Amino acid sequence: MLVSGTGTLLQSLLDNQDARYRVRLVVADKDCAALERAGMAGVETRTVPLGPDRGAWDEQLAEVVAAAEPDLVVSAGFMKILGPAFLDRFEGVTINTHPAILPSFPGAHAVRDALAYGVKVTGSTVHFVDAGVDTGAIIAQQPVTVAPDDTEDSLHEKIKAVERELIVSVLRSARINPTSRKVTFTHE
Ligand code: GAR
């Protein structure tokens, strides 16, 4: 798992692990509460901070993740764009959870942007990661109604409550072809 923040989605994935998936490694780009959550759960953690050389960071991140030999990479609140070295290795097996109904409101401020636009419904999208910003194929989506008095924080909290369940159900629906290592999802 790739994280940068408070890690409530990570916590949900940790709490709901069973024979269908296990969290093997948690990687962050900076010190964050998510790393503490992983540590408390006894899961191995690594930090790969972004320095001045973005290409070197991208390669290092790919190396660290590759060492864990994951079937699937899950970006949950990871706030950096994954680069070509990472995607060369992991495109097709990397998914992200985004706090909006894509293709509306991609990017780092999805909740703020949806609120500013005045939408009445927003939500959560789980999608494959490709070279674009939140442009990969959509795996699952769940709507959230915007209340007239919602703030960015209150709306984000409602979306995250949905995301915590959605990401678990998506991971439980993952099917991995043992020969090609290709991942598909039966989630509807
Ligand atoms: C989630 O809402 C996730 O969709 C969002 O960060 C939050 C992480 O929450 N990700 C992005 O905005 C990525 N562009 P958490 O740290 O409590 O798990």
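Residues numbered from 1 in each chain as written. Predicted model: local features only at pLDDT ≥ 70, side-chain atom pairs only at ≥ 80, totals over all residues. Heavy atoms only, no water.

Where an unreviewed UniProt entry is consulted, the protein appears under the name Phosphoribosylglycinamide formyltransferase, with the organism given as Corynebacterium doosanense CAU 212 = DSM 45436. In its Sequence similarities (unreviewed entry) section, the UniProt entry covering the protein states "Belongs to the GART family." (UniProt positions renumbered as here; feature names shortened; annotations may be inferred.)

Caption draft 1: Seen up close, the site of the ligand. Taken together, 14 residues surround the ligand, and among them Thr 6, Thr 8, His 156, Lys 160 and Glu 163 come closest. A distance of 2.8 Å separates an oxygen atom of the ligand from a polar atom in the backbone of Gly 7. A distance of 2.4 Å separates an oxygen atom of the ligand from a polar side-chain atom of Glu 163. Protein chains shield 92% of the accessible area of the ligand, which is 450 Å² for the free molecule. Taken together, the elements giving at least two residues each to the shell around the ligand come down to helix H1 (8–15), strand S5 (94–98) and helix H6 (152–172). The element that contributes the greatest number of residues to the shell around the ligand is H6, accounting for three residues. (Near = heavy atom within 4 Å. Polar contact = N/O pair within 3.5 Å; in protein donor to acceptor, adjacent residues only side chain to side chain. Areas by Shrake-Rupley, 256 points an atom, 1.4 Å probe, with all protein chains shown as cover. Helix = DSSP H or I, 4+ residues; strand = E, 2+ residues; numbered from the N terminus.)

Caption draft 2: Representation of the UniProt feature "site: Raises pKa of active site His" (unreviewed entry) in the protein. Mapped onto the present numbering, the UniProt feature "site: Raises pKa of active site His" (unreviewed entry) falls on Asp 134. Examined against the element boundaries, Asp 134 turns out to sit in the loop between strand S6 (121–128) and strand S7 (138–145). Relative accessible area serves as the criterion here: at 17%, Asp 134 is assigned to the buried category. Apart from residues lying up to four places away in sequence, Asp 134 is in contact with Asn 96, His 98, Leu 102, Pro 106, Gly 107 and His 127. A distance of 3.5 Å separates the side chain of Asp 134 from the side chain of Asn 96, its partner in a polar contact. (Buried < 20%, exposed > 50% of the residue type's maximum accessible area, 1.4 Å probe, protein only. Contact = heavy atoms within 4.5 Å.)

Caption draft 3: Expanded view of the side chain of Ser 75. By secondary structure assignment, the location of Ser 75 is in strand S4 (residues 73–76). For Ser 75, the side chain forms a polar contact with the side chain of Asn 96, separated by 2.8 Å. Sequence-distant contacts of Ser 75, defined by excluding residues within four places in its chain, comprise Leu 2, Ile 95, Asn 96 and Thr 97.

Caption draft 4: The arrangement of the pattern of salt bridges in detail. A full pass over the atoms with the stated rule returns eight salt bridges. Residue Arg 20 pairs with Asp 18 through a salt bridge whose shortest N-O separation is 2.7 Å. Assessed through its relative accessible area of 23%, Asp 18 is described here as partly exposed. Asp 71 is paired through a salt bridge with Arg 181; the nearest N and O atoms lie 2.2 Å apart. Within this pair, whereas Asp 71 is found in the loop between helix H3 (54–67) and S4, its partner Arg 181 is found in the loop between strand S8 (174–176) and strand S9 (183–185), the two being separated by 110 residues in sequence. The class for Arg 181 is partly exposed, based on a relative accessible area of 42%. Members of the salt-bridge network, linked through shared partners, are Asp 18, Arg 20 and Arg 172. (Salt bridge = Lys/Arg side-chain N within 4 Å of Asp/Glu carboxyl O.)

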